[in-house]
Amino acid sequence: MLKLNLVNLMLAAGLLAGTAAEAKPKPKKLVKVWETDTTLRIPESVLYNPKDGMLYVANIDGKSDGLDGSGFISKVSLDGKIENLKWVIGLNAPKGMGIYKNRLYVTDVYRLVAINLDNGQAEQHWDAVGQNPFLNDVTVADDGTVYVSDSRGDKLYRLKDDKWEVWMEGEQLNRPNGVLAVKDKLMIGSTKTGALRAVDTQTKTIVSIADGMAATDGIVPDTKGGYFVSDWNGQVFFVGGDGQKQQLLDTRPDKINAADITYVPKKRLLIVPTFLKNSLVAYRVED
């Protein structure tokens, strides 16, 4: 009787492995909150700026590698109202964006452009090297170091202390798209293998976190050690700190894309650009 009572106490305290006392994390789900009108033009990327509370949207408005000057940046409120459709104009096919201090960094096919957040004017740009570049996503580390992916060239660029350089390159990158700087790691989405991977920024060693996510695009943190990852074809996944992934959204049957996403932690809003459907869709993340 004493032995049985002891076992029961251990079960109640959750001290026995493999028992019902072990709690599994609750699955997350997305609940649609709003959708913008369709005056956007091939929105490829959206970025939340906590300083002004606005969403910045990169519109390709043409071919994804077209050098036509028709691309632009929009500003959208957190309730889905397009406040300024063409805040910045004259870009080619803008995609990924990152913010540091008073600058918005955006990729523009063959160059990285720095835009003044006060007046929307381009202040500086840095050109890619080699033939046929396709600069895609941008992330900025806490110290201001900017990382940029070149999906076509299997390259990662770095802008650090005003020095612009190819930081990594090679087939081992597997066509990098999404990038996210997290402390001493650079998270990358490899579209060739559909994987979320982590690069050590000191040693440049690469570790796979999760795979099976097709054309990985945007990567954003949930502020609790996990990540939301979009698949351009129309899926959104949540990847936990343990590498376990969960599909949160699948709009492929409706032929709606899920491009480079952003997350607003205080409102638990995940914003998804629909690319060819010319809108943003906001979802509330629920546990």
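For the structure, check the block above.
Calculation criteria
- Each residue is numbered by its place in its chain's sequence as written, counting from 1.
- Only residues with pLDDT of 70 or above have their local features reported here, since the model is predicted, and side-chain atom pairs are shown and tallied only from 80 upward, although totals for entire chains, interfaces and linings are computed over all residues.
- For side-chain calculations, the full set of non-hydrogen atoms in the structure is used, while hydrogens and water are omitted.
- The way it works is that DSSP assigns letters per residue, a run of H or I at least four long becomes a helix, a run of E at least two long becomes a strand, and they are numbered from the N terminus.
- For this measure, only C-alpha atoms enter the radius of gyration; the expected value for a globule follows 2.2 Å times N^0.38, where N is the number of residues.
- Each residue gets one of three labels from its accessible area relative to the maximum for its type: buried under 20%, exposed over 50%, partly exposed in between, using a 1.4 Å probe on protein chains only.
- Throughout, a contact is declared for two residues whenever any of their heavy atoms are within 4.5 Å.
- Per-residue and other accessible areas follow the Shrake-Rupley method at a 1.4 Å probe size, with only the shown protein chains counted as cover for residues.
- The positive count covers Lys and Arg only, the negative count covers Asp and Glu only, and His and the chain ends enter neither.
- Charged groups are reduced to one reference atom each: NZ for lysine, CZ for arginine, CG for aspartic acid, CD for glutamic acid.
- We call two strands paired when DSSP finds no fewer than two bridges between them.
- Angular values range over 0 to 180 degrees, each being the angle between N-to-C directions of two axes fitted as lines to C-alpha atoms, with helices fitted over their stretch in contact.
- Cavity means a closed set of points on a 1 Å grid over the protein atoms alone, one where a 1.4 Å probe fits but cannot get out, pocket means an open set with protein on both sides within 12 Å along at least 5 of 7 lines, and lining means a residue has an atom within 4 Å of a point.
- Grid points are joined across faces, edges and corners, and a volume is the space filled by probe spheres set on the points.
- The definition of a polar contact used here is a pair of N or O atoms within 3.5 Å, where within protein one atom must be able to donate a hydrogen and the other to accept one, and adjacent residues in sequence count solely through side-chain atom pairs.

Asker: Would you mind going over the overall build of the protein with me for this structure?
Answerer: What the protein contains, in helices and strands, is one helix and 24 strands. Computed over its C-alpha atoms, the radius of gyration of the protein comes to 21 Å, within 12% of the 19 Å expected for a compact globule of 287 residues. Overall, the protein is about 80 × 45 × 35 Å in size when its C-alpha atoms are taken along their principal axes. Taking all 287 residues of the protein together, 53% fall into the buried category. When contacts within the protein are restricted to residue pairs at least 6 apart in sequence, those whose partners lie at least 24 apart make up 42%. A total accessible area of about 13,800 Å² is found for the protein, and carbon and sulfur atoms account for 49% of it. Positive and negative side-chain charges of the protein, numbering 36 and 36 respectively, have mean locations separated by a distance of 4 Å.

Asker: Mind showing me how you'd approach the sheet that holds strand β10 (residues 135–140) here?
Answerer: Sheets are built from strands paired through backbone hydrogen bonds, the pairs being either parallel or antiparallel. Spatial strand order, β10-β11-β12-β13: four strands in an open sheet with antiparallel pairing. The open sheet terminates on both sides in strands that have one partner only, identified here as β10 and β13 (163–169). Strand-to-strand twist in this sheet, taken as the mean axis angle between neighbours without regard to direction, amounts to 25 degrees. Judged from the six bridges that link them, strand β12 (residues 155–160) and β13 form a sheet pairing that is antiparallel. Across the sheet, Lys160 pairs through a bridge with Lys163, a residue of β13.

Asker: So what exactly am I meant to see when it comes to the layout of surface pockets here?
Answerer: Over the atoms a probe the size of a water molecule is rolled, and this reveals where empty space is left. In this structure, the largest pocket encloses a volume near 1,000 Å³. Around the largest pocket, the lining comprises 36 residues; the ones closest to its centre are Leu47, Tyr48, Val140, Leu180 and Pro221. Those elements that place two or more of their residues in the lining of the largest pocket are β2 (43–49), β6 (97–100), β10, β14 (176–182), β18 (216–221) and β22 (262–264). Considering every element that reaches the lining of the largest pocket, the biggest residue donor is β2, with five residues.

Asker: Is there a simple way to explain the side chain of Ser190 in this structure?
Answerer: Along the polypeptide, Ser190 turns up in strand β15 (residues 185–190). For Ser190, the side chain forms a polar contact with the side chain of Arg197, separated by 3.1 Å. With near-sequence residues (within four places) excluded, Ser190 lies in contact with Leu173, Asn174, Arg175, Pro176, Ala195, Arg197, Ala214 and Thr216.

Asker: In this structure, what is going on with the pairing of strand β5 (residues 82–91)? I would like to understand it.
Answerer: Every other side chain in a regular strand lies on the same face of the sheet, so the side chains alternate between the two faces. Looking at chain direction, strand β4 (residues 71–76) and β5 are connected through four bridges and run antiparallel. When the sheet's bridge partners are listed, Val76 is paired in β5 with Ile82.

Asker: Just to check I follow, could you spell out the sheet that holds strand β8 (residues 111–116) for this structure?
Answerer: Taking strand neighbours across the sheet as the criterion, the four strands line up as β6-β7-β8-β9 in an open arrangement whose pairing is antiparallel. The sheet is open, and its two borders are formed by β6 and β9 (122–127), each paired with just one other strand. When the angles between neighbouring strand axes are averaged without regard to direction, this sheet yields 20 degrees. Relative to β9, β8 is paired through five bridges, and the arrangement is antiparallel. When the sheet's bridge partners are listed, Ile115 is paired in β9 with Ala122.

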